[in-house]
Amino acid sequence: MAVPKRKMSRSNTRARRSQWKTTATTLMTCPQCKADKQPHIACPSCGAYNNRRYAEAVRTEHEAR
Ligand SMILES: [Zn+2]
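Bear in mind that the values here come from a model prediction, so they are computed numbers and not experimental data.

## Here's the deal with the overall build of the chain
Assigned secondary structure in the chain consists of two helices and four strands. Taken from N to C terminus, the helices and strands of the chain fall in the order α-β-β-β-β-α. Of the roughly 6,400 Å² of accessible surface on the chain, 52% is carried by carbon and sulfur atoms.

The following block contains the structure:
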């Protein structure tokens, strides 16, 4: 595997990183409850996906019960 011959300058590193940008999350409307949801993911508010309901989708491990 090719390895860089020299350490990249701090200036070059920072110039490259200055081009990093964030993009807004794509949202769609849930057909069941009309809430905003991400595509290809079960709806976080009602748990619906592909005309089925996944109750587990609403509860995740980091949410205390
Ligand atoms: Zn929903």
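## Notes on the coordination of the zinc ion
At 2.2 to 2.3 Å from the zinc ion lie its protein donor atoms, namely C30 (SG), C33 (SG), C43 (SG) and C46 (SG). Classification of the site at the zinc ion rests on its four donor atoms, whose angles at the metal span 106 to 114°, yielding the label tetrahedral. Read N to C, the donor residues that coordinate the zinc ion are spaced as C-x2-C-x9-C-x2-C. One end of the pair, C30, is in the loop between strand 1 (28–29) and strand 2 (36–37); the other, C46, is in the loop between strand 2 and strand 3 (48–49), and 16 residues separate them in sequence. Accessibility classification places C30 together with C46 in one group, the buried group.

## Some words on the environment of T25
Structurally, T25 is set in the loop between helix 1 (10–17) and strand 1. Note: C-alpha distance between T25 and P39 (14 residues apart in sequence) is 9.9 Å.

## Considering the side chain of K37
Examined against the element boundaries, K37 turns out to sit in strand 2. If sequence neighbours within four positions are ignored, K37 has contacts with T26, L27, M28, C30, A42, C43, P44 and A48.

## What to know about the confidence of the model for the chain
For the chain, the mean per-residue pLDDT works out to 85, and 85% of the residues sit at or above 70. Considering each helix and strand of the chain separately, the mean pLDDT is smallest for helix 2 (residues 55–58), with a value of 63, and largest for helix 1, with 96.

## With respect to a positive patch on the surface
Together, K7, R10, R14, R16 and R17 make up a region of like positive charge exposed at the surface. Relative accessible area serves as the criterion here: at 47%, R17 is assigned to the partly exposed category.

## Thoughts on unusual backbone geometry
Backbone geometry places K34, a non-glycine residue, at a positive phi of 65°. Here K34 lies in the loop between strand 1 and strand 2. With a phi angle near 55°, N50 is a residue other than glycine that sits in the positive phi range. Locating N50 in the fold gives a position in the loop between strand 3 and strand 4 (52–53).

About the thresholds
Sequence order as written defines the numbering, with residues in each chain counted from 1. Since the coordinates come from a predicted model, pLDDT governs what is reported: local features require at least 70, and pairs of side-chain atoms require 80 or more to be given and counted, while whole-chain, interface and lining totals use all residues. Only heavy atoms go into the side-chain values, all of them from the structure, while hydrogens and water stay out. Secondary structure elements follow DSSP: runs of H or I of four or more residues count as helices, runs of E of two or more count as strands, with numbering from the N terminus. Here the accessible surface of atoms and residues is derived via Shrake-Rupley with a 1.4 Å probe, and residues count as covered only by protein chains that are part of the display. Here a donor is an N, O or S atom found within 2.8 Å of the metal, or within 3.2 Å if the metal is Na, K or Ca; sites may look incomplete because water is not among the atoms. Think of it this way: with four donors and all angles in the 85 to 135 degree range, the site is tetrahedral; with four or six donors, opposite ones beyond 155 degrees and the rest between 65 and 115, it is square planar or octahedral; otherwise it is irregular. Exposure categories follow from relative accessible area, calculated using a 1.4 Å probe and restricted to protein chains: below 20% of the type maximum is buried, above 50% is exposed, and the middle band is partly exposed. Whether two residues are in contact is decided by their heavy atoms: any pair within 4.5 Å suffices. As a per-residue quantity, pLDDT reports the predictor's confidence and falls between 0 and 100. Patch definition: residues with relative accessible area over 30% and no salt bridge; like charges joined within 9 Å; nonpolar side chains (Val, Leu, Ile, Met, Phe, Trp, Tyr) joined within 5 Å. Take a side-chain nitrogen of Lys or Arg and a carboxyl oxygen of Asp or Glu: if they are within 4 Å of each other, that pair is a salt bridge. Neither His nor the chain ends contribute to the count of charged residues, in which Lys and Arg are positive and Asp and Glu negative. Charge coordinates come from a single atom per side chain, which is NZ of Lys, CZ of Arg, CG of Asp or CD of Glu.

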